[in-house]
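Inside the fold
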Amino acid sequence: MKVEFYGHVRQYQNIQAEIDANLKAVLASGQYVMGPMLKRLEAELAAYHGTRYAVGVGNGTDAIWLALMALGIGPGDEVITHPNTFFATAEAIWIAGATAVFVDCCPKTKCICPEAVGAAITPKTKAIVPVHLYGQCADMIALKRIADQHKLWLIEDNAQAIGAHGKGFKIGELSDAATTSFIIQKNLGTFGDGGALVTNNAELDARVRKLRNHGSNQRNVHSYGFNSRLDDLHAGVLSAKLKHIDEYNDQRRQWAARYTAGLAGCRTLDLPVELPGYRHVFHLYVIETKKPELRDGLVEHLVAAGVDAKTHYSIAIHQQAGYPWGKEARAVGSLANAEANAASCVSLPMFPELTADEVDYVIEKVKEWDQAHAADGSDQPGVARRGKTCASCS
Ligand SMILES: *Cc1c(COP(=O)(O)O)cnc(C)c1O
């Protein structure tokens, strides 16, 4: 059997009439950039998040640096994030001209460790950018407490967790802005690039609106700016899919529960953890080999069996060749948990349109590998979960 990693073609086939109707409406309107479909999507996104504002931009990376820049963050300022995320989180900090400060993640959730953030704050620190990694929220309550105490901005990189929530908080509720990406592989994806940010801050909303459109909100009147707009055709696709996002995330959660039940007996692996009271939306279902040196073998075993397994992300940002490319960056404290995550992670196929047969086939292939390795001592506690837990993940 072949099991793909992404299911966006199936998703298109399932709701083709709804997507096509929106695309036709945009084509017939003659307004393709900053038109009525974008306005409509922005209103729908704000309503979905329960925030006052939503702004569509060119992609998820731009959403982060536009937010930072609109808040006045730039050269000489430090922005704290963690290195086991998609590269773009740090890239955005560098595009804004700021210094990326890397701290460790929690060993269980892989999200930024609030205790490590607290230890990294200097007089130059201006913002914290937590990532809701793999679809589970970082501990925004602890991060908000730190941000308030030190007067820091808080920008959620929500590229992977639209529709998730934490215990007692919503995305966009405790931060200055939450940014997202609409590239096709994300939980809400279009047929190309796109991004947005949501915020309750009127000034931030107004500044990003100008920055994304050549510094202009009035014809011929400009201040410093860029071109980073979300096209109306993409807005039409996203408006159609947004109506289904809760149902899509519920389906992801069901497949995740099936994986977790099926793999519970595996002795060589650690499975993803959903914290009590959180809604994890499983952008990715990431398991870890207890022994990092066995990770590549598991991926090869799955790929040979037709299962398109991947790794997210097997090289932490500070471990990339040439780091930091002349950009300002530093690490505070040990990054051992982030490095263990990079060395041992394996992502199994995860999308709403999977079938039970496909999920069961993946489970069977993972178990086959686990059984072959449990016998050789690979079930000893490994590095992946060895790190010190904190109040957020214990
Ligand atoms: C996808 C992603 C981004 C960047 O989104 P683009 O739309 O590709 O620019 C940023 N951060 C995280 C965590 C992501 O997963």
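Conventions and cut-offs
- Residues numbered from 1 in each chain as written.
- Predicted model: local features only at pLDDT ≥ 70, side-chain atom pairs only at ≥ 80, totals over all residues.
- Heavy atoms only, no water.
- Helix = DSSP H or I, 4+ residues; strand = E, 2+ residues; numbered from the N terminus.
- Buried < 20%, exposed > 50% of the residue type's maximum accessible area, 1.4 Å probe, protein only.
- Contact = heavy atoms within 4.5 Å.
- Core = buried A, V, L, I, M, F, W, Y, C linked by side-chain atoms within 4.5 Å.
- Domains from an automatic or database assignment.
- Pairing = 2+ DSSP bridges.
- Axes fitted to C-alpha atoms, helices over the stretch in contact; angles between N-to-C directions.
- Near = heavy atom within 4 Å.
- Polar contact = N/O pair within 3.5 Å; in protein donor to acceptor, adjacent residues only side chain to side chain.
- Areas by Shrake-Rupley, 256 points an atom, 1.4 Å probe, with all protein chains shown as cover.
- 1 Å grid on protein atoms, 1.4 Å probe; cavity = no way out; pocket = protein on both sides within 12 Å on 5 of 7 lines; lining within 4 Å.
- Sits in = over half its atoms within 2 Å of the grid points.
- Nonpolar A, V, L, I, M, F, W, Y, C, P; charged D, E, K, R; others polar.
- Phe/Tyr/Trp six-rings, centres within 6.5 Å; stacked < 30°, edge-to-face > 60°.
- Lys NZ or Arg CZ within 6 Å of the ring centre and 35° of its normal.

**Notes on the environment of Pro 352**
In this fold, Pro 352 is placed in the loop between strand E13 (345-348) and helix H13 (356-374). You can call Pro 352 buried: its relative accessible area is 9%. What Pro 352 contacts, discounting residues up to four positions off in sequence, is Gln 11, Tyr 248, Gln 251, Arg 252 and Trp 255.

**Side note on the nonpolar core**
Counting residues in hydrophobic clusters, the biggest one holds 57 residues, and the most contacted among them are Leu 45, Ile 80, Val 103, Val 117, Ile 128 and Leu 143. Those elements that place two or more of their residues in this core are helix H3 (36-49), helix H6 (114-119), helix H7 (140-150), strand E9 (195-199) and helix H9 (232-242). Mapping this core onto the domain boundaries places at least three of its residues in each of domain 1 (8-242) and domain 2 (245-376). Once residues lying within four places of it in the same chain are set aside, the contact partners of Ile 80 are Val 101, Val 103, Ile 112, Val 117, Ala 120, Ile 121, Thr 125, Ala 127, Ile 128 and Val 129. Membership of the second largest hydrophobic core comes to 30 residues, among which are Leu 71, Trp 94, Ala 127 and Leu 197.

**Examining the sheet that holds strand E4 (residues 125-128)**
Across the sheet, which stays open at both edges, the 8 strands sit in the order E1-E9-E8-E5-E4-E2-E3-E12 with mixed pairing between neighbours. Only two strands of the sheet have a single partner each, and these edge strands are strand E1 (53-57) and strand E12 (329-331). Strand-to-strand twist in this sheet, taken as the mean axis angle between neighbours without regard to direction, amounts to 25°. Relative to E4, strand E2 (residues 78-81) runs parallel, the two being bridged by 3 bridges. By the bridge assignment, Val 79 is partnered in E4 with Ala 127.

**Let's talk about helix H5 (residues 88-95)**
An α-helical segment advances 3.6 residues per turn. Residues three or four places apart therefore align on the same side. Within H5, 6 of the 8 residues are buried, leaving the element largely enclosed by the surrounding structure. Along H5, the residues that are buried comprise Ala 88, Thr 89, Ala 90, Ala 92, Ile 93 and Trp 94. If you follow the buried residues of H5, they end up packed against helix H4 (60-70), E2, strand E3 (99-102), strand E5 (153-157) and E12. Among the residues trailing H5, Gly 97 stands out with phi positive, at a value near 95°.

**Quick notes on unusual backbone geometry**
Backbone torsion omega between His 312 and Tyr 313 reads 0°, so that peptide bond is classified as cis. Relative to the assigned elements, Tyr 313 resides in the loop between helix H11 (295-304) and E12. Of note, the amide linkage connecting Tyr 323 to Pro 324 takes the cis form, showing an omega dihedral of 5°. By the secondary structure assignment, Pro 324 is in the loop between H11 and E12. A positive phi is found at Tyr 134, a non-glycine position, where the angle reads about 65°.

**Thoughts on the site of the ligand**
Around the ligand, 14 residues are found, and the nearest of them are Gly 60, Thr 61, Asp 157, Ser 181 and Lys 186. At 2.8 Å, a backbone N or O of Gly 60 approaches an oxygen atom of the ligand. Starting from 380 Å² of accessible surface for the ligand in isolation, the protein chains cover 93%. Taking a 2 Å distance to the grid points as the criterion, the majority of the atoms of the ligand fall inside the largest pocket. For the shell around the ligand, the secondary-structure elements that each account for two or more residues are H4 and H5. Split by residue class, the shell around the ligand holds 4 nonpolar, 8 polar and 2 charged.

**Details of the packing of aromatic side chains**
Going through the model one piece at a time under the given rule, you end up with 14 aromatic pairs. An angle of 45° between the planes, with centres 5.8 Å apart, marks the rings of Phe 86 and Tyr 313 as tilted. With a gap of 227 residues between them, Phe 86 in the loop between E2 and H5 and Tyr 313 in the loop between H11 and E12 connect regions that are remote in the sequence. The interplanar angle of 90° and the centroid separation of 5.9 Å between the aromatic rings of Tyr 323 and Trp 325 together place this pair among those described as edge-to-face. Ring pairs connect the aromatic residues Phe 87, Trp 94, Phe 102, Tyr 323 and Trp 325, which therefore count as one cluster. Above the plane of the ring of Phe 5 lies Lys 310, whose end atom (NZ or CZ) is 5.5 Å from the centre.

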